[in-house]
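The lines below spell out each chain.
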Amino acid sequence: MDELAPMRRKPTIRDVASVAGVSRTTVSRVVNGGRWVSPDARRAVETAIAATGFTANHHARSLATGRADSVAFLLTEPQHLLFSDPNFALLLRGAAAALAARGKTLVLLVAGTAAERTRVQEYVSAGHVDGVLLVSPHESDPLPASLRRAGVSTVSCGQLLGLPGEVPTVSIDEAASARAMTRHLLGQGHRRIAMIAGPVDTPGGRYRLEGFREALGNAFDPLLVEAGDYSFASGASAMTRLLGRDAGIDAVFAASDLMAAGALSALRQAGIRVPEDLAVAGFDDSGIAAAQEPPLTTMRQPWDRISETMVGMLLDVVDGVPRRPVILPTELVVRASA
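This is a predicted model, so every value here is computed, not measured.

Undergrad: What exactly am I supposed to notice about the overall build of the protein chain here?
TA: A count of helices and strands for the protein chain gives 14 helices and 12 strands. Its C-alpha atoms give the protein chain principal-axis dimensions of about 80 × 50 × 40 Å. Across the 338 residues in the protein chain, those meeting the buried criterion constitute 50%. Once local pairs closer than 6 in sequence are excluded, the contacts in the protein chain between residues at least 24 apart make up 69%. Accessible surface computed for the protein chain: about 16400 Å², of which carbon and sulfur atoms make up 53%. Charge centroids of the protein chain, computed over 34 positive and 35 negative side chains, lie 7 Å from each other.

Undergrad: Looking at this structure, how should I read the nonpolar core?
TA: Among the nonpolar cores identified, the biggest contains 68 residues, and Ile-196, Phe-212, Met-239, Val-252, Phe-253, Val-280 and Ile-306 are the most heavily contacted of them. Of all the elements, helix α14 (residues 303-318) adds the most residues to this core, at 9 residues. The two domains that each donate at least three residues to this core are domain 2 (70-172 + 304-330) and domain 3 (174-300). If near-sequence neighbours (up to four positions away) are discounted, Met-239 is found in contact with Ile-196, Val-252, Ala-263, Ala-266 and Leu-267. The next biggest cluster of nonpolar side chains, apart from the first, holds 16 residues, and it includes Ala-72, Val-107, Ala-111 and Val-124.

Undergrad: How should I be thinking about the sheet that holds strand β2 (residues 105-110) in this particular structure?
TA: Sheet strands pair by backbone hydrogen bonding; their relative direction is either parallel or antiparallel. Ordered by their spatial adjacency, 6 strands build an open sheet running β2-β1-β3-β4-β5-β11, and the pairing between neighbours is parallel. Taken across any chain shown, the strands that pair with only one partner, and hence form the sheet edges, are β2 and β11 (326-328). Each strand of the sheet is rotated relative to its neighbour by a mean of 20 degrees, with strand direction disregarded. Bridge analysis of strand β1 (residues 70-75) against strand β3 (residues 131-135) gives 5 bridges, and the strand direction is parallel. In the sheet register, Val-71 faces β3, and the bridge partner there is Gly-131. In the packing of helix α7 (residues 114-125) onto the sheet, the strands contacted are β1, β2 and β3, and the crossing angle to β2 comes to about 150 degrees.

Undergrad: Just to check I follow, could you spell out the packing of helix α1 (residues 13-20) against helix α3 (residues 39-52) for this structure?
TA: Axes are the key here: two packed helices are described by the angle between their axes and the distance separating the axes. Axis separation between α1 and α3 bottoms out at 8 Å; the angle between their running directions is 120 degrees. In terms of axis orientation, α1 runs oblique to α3. When the axes of α1 and α3 are compared, the crossing they make is right-handed. Packed against α1, whose contacting residues are Asp-15, Val-16, Val-19 and Ala-20, the element α3 presents Ala-44, Val-45, Ala-48, Ile-49 and Thr-52 at the interface.

Undergrad: Would you take a moment to explain the packing of helix α9 (residues 174-187) against helix α10 (residues 203-216) for this structure?
TA: Contact pair α9 / α10: the axes reach a minimum separation of 7 Å and the direction vectors enclose 45 degrees. The orientation of α9 with respect to α10, classified from their angle, is oblique. The interaxial crossing formed by α9 with α10 has right-handed handedness. Each of Glu-174, Ala-175, Ala-178, Arg-179, Thr-182, Arg-183 and Leu-186 in α9 lies in contact with α10, whose residues at this interface are Pro-203, Gly-204, Tyr-207, Arg-208, Glu-210, Gly-211, Phe-212, Glu-214, Ala-215 and Leu-216. The class makeup of the residues in the contact of α9 with α10 is 8 nonpolar, 3 polar and 6 charged.

Undergrad: I keep staring at α1 and nothing clicks. Help me out?
TA: Think of an α-helix as turning once every 3.6 residues; residues three or four places apart then point the same way. Restricting attention to buried positions, one finds in α1 the residues Val-16, Ala-17 and Ala-20. In a view along the axis of α1, the buried residues occupy a sector of 100 degrees, so they form one face of it. Among the exposed residues of α1, those pointing more than 90 degrees away from its buried face are Arg-14, Ser-18 and Val-19. As for α1, its buried residues are in contact with α2 (24-31) and α3. Taken from the residues just after α1, Gly-21 is the one with a positive phi, measuring 75 degrees.

Undergrad: How do you make sense of the pattern of salt bridges when you look at a structure like this?
TA: Once their charged atoms are close, side chains differing in charge can pair, the charge on each being opposite to the other. Under the definition given, this model contains 16 salt bridges. Here Lys-104 ties to Asp-69 by a salt bridge, and the two come within 3.0 Å at their closest N and O atoms. In this pair, Lys-104 sits in the loop between α6 (86-100) and β2 while Asp-69 sits in the loop between α4 (58-65) and β1, placing the two residues 35 residues apart along the sequence. Exposure remark for Lys-104: the relative accessible area of 26% places this residue in the partly exposed category. Given the relative accessible area of 12%, Asp-69 is considered buried. When the shortest N-O distance is used, the salt bridge between Glu-174 and Arg-208 registers 2.7 Å. Of this pair, Glu-174 sits in helix α9 while Arg-208 is found in helix α10, placing the two residues 34 residues apart along the sequence.

Undergrad: It is not clear to me how the pairing of β1 should be interpreted in this structure. Could you clarify?
TA: A regular strand carries its side chains on alternate faces of the sheet. Extensive coverage of β1 is indicated by the burial of 6 of its 6 residues. Neither face of β1 is left uncovered, since the one carrying Ser-70, Ala-72 and Leu-74 and the one carrying Val-71, Phe-73 and Leu-75 both have all their residues buried. Sheet analysis places β1 next to β2, joined by 6 bridges and oriented parallel. Bridge assignment links Ser-70 to a residue of β2, and that residue is Thr-105.

Parameters at a glance
Each chain has its residues counted from 1, running along the sequence as written. Per-residue local features are limited, in this predicted model, to residues with pLDDT of at least 70; the limit for side-chain atom pairs, both in listing and counting, is 80 or more; totals at the level of whole chains, interfaces and linings are taken over all residues. To get the side-chain values, take all heavy atoms of the structure and skip hydrogens and water. Numbering of helices and strands runs from the N terminus, with a helix taken as a DSSP run of H or I at least four residues long and a strand as a DSSP run of E at least two residues long. Relative accessibility decides the category of a residue: with a 1.4 Å probe and only protein chains considered, values under 20% of the type maximum give buried, values over 50% give exposed, and everything between is partly exposed. The contact definition used throughout considers only heavy atoms, calling two residues in contact when any of these lie within 4.5 Å. Accessible surface is estimated by sampling points in the Shrake-Rupley manner with a 1.4 Å probe; for residues, cover comes only from the protein chains shown. Charged-residue counts in this description rest on Lys and Arg as positive and Asp and Glu as negative, His and the chain ends being excluded. Taken as the charge centre is NZ of Lys, CZ of Arg, CG of Asp or CD of Glu, depending on the residue. Nonpolar cores are built from buried Ala, Val, Leu, Ile, Met, Phe, Trp, Tyr and Cys residues. Side-chain atoms within 4.5 Å join them into one set. Each domain's extent is set by a domain assignment, obtained either automatically or from a database. Any two strands between which DSSP finds at least two bridges are classified as paired. Fitting a line to C-alpha atoms yields each axis, with helices limited to the stretch in contact; the angle taken between N-to-C directions then spans 0 to 180 degrees. Orientation is classified from the angle alone, with under 35 degrees giving roughly parallel, over 145 giving roughly antiparallel, 65 to 115 giving roughly perpendicular, and any other angle giving oblique. It is the rotation of the near helix from the far one that decides the hand of a crossing: anticlockwise by less than a right angle makes it left-handed, clockwise makes it right-handed. Only Asp, Glu, Lys and Arg are considered charged, only Ala, Val, Leu, Ile, Met, Phe, Trp, Tyr, Cys and Pro nonpolar, and every remaining residue, Gly among them, polar. What the arc measures is the spread of directions leading from the helix axis to the C-beta atoms. By definition, a salt bridge exists where a carboxyl oxygen of Asp or Glu is found within 4 Å of a side-chain nitrogen of Lys or Arg.

So this is what it looks like as structure tokens:
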């Protein structure tokens, strides 16, 4: 029987420095992302790292720098929505890619209950992550204010209704986007336009309804507004209630594609054709809109740009660089439903 080969020693910074022909200090600066390294020296170190198979000891680096080199993606919704709402999956995927490109780790945290909020607060305040990407905060949620009091670097996806101007945000112009969709429906000749709005304690719920009302002006009828929670089921229920209240509706604008898909289901069950009898429009373009029958007209959010901008903003905040809110553009995507 052949003898087992001896275990190969793990390469060290000393080995990389020897191969690269530079000092160990220079190697350490390159590995830790520091400045004051010439381009030639950086290339030499990177080549030596590849040749030796060296990997940094991130735990040791975190002890030296006081940084965890990880960021939390914090969803403040019930756990099941992470899998049922495609918006969150798109944001999560984009954030993970943006952090990986910067050599950082993403930690997924969900805080949909009081107990989960307490555990998350303790975890992030203990320094296990450098900062928090806050996703889907509600106005009444105490967690954003708790993070701010604890000095945790935080960036919010969407406006923070409970802490206006106090936390850097990356968002879209909710009201302007809703106005654009409503004007599209008006331009097609629709006059009895209903809306399935989102929760009023979220920026999407509040400001999309505001934009819808502004675009309609005097034609706005509060009886043609029903609220949902962005889910398929709530969209179907809201559509059923609207049909029972007013048989003259000729279009409906849902504040999310999932609610619009629910509305389509309710209309099919009622024997109402889309778009021949009633037009349907959604919001998000997160993937399910194009898969509906008929495909949904919707407002497209720039998901990759939102994630990338949030990550860049948060890492600046962690480094002490002040950042102003960023508002990204949406796009009207016209398909067969409206």
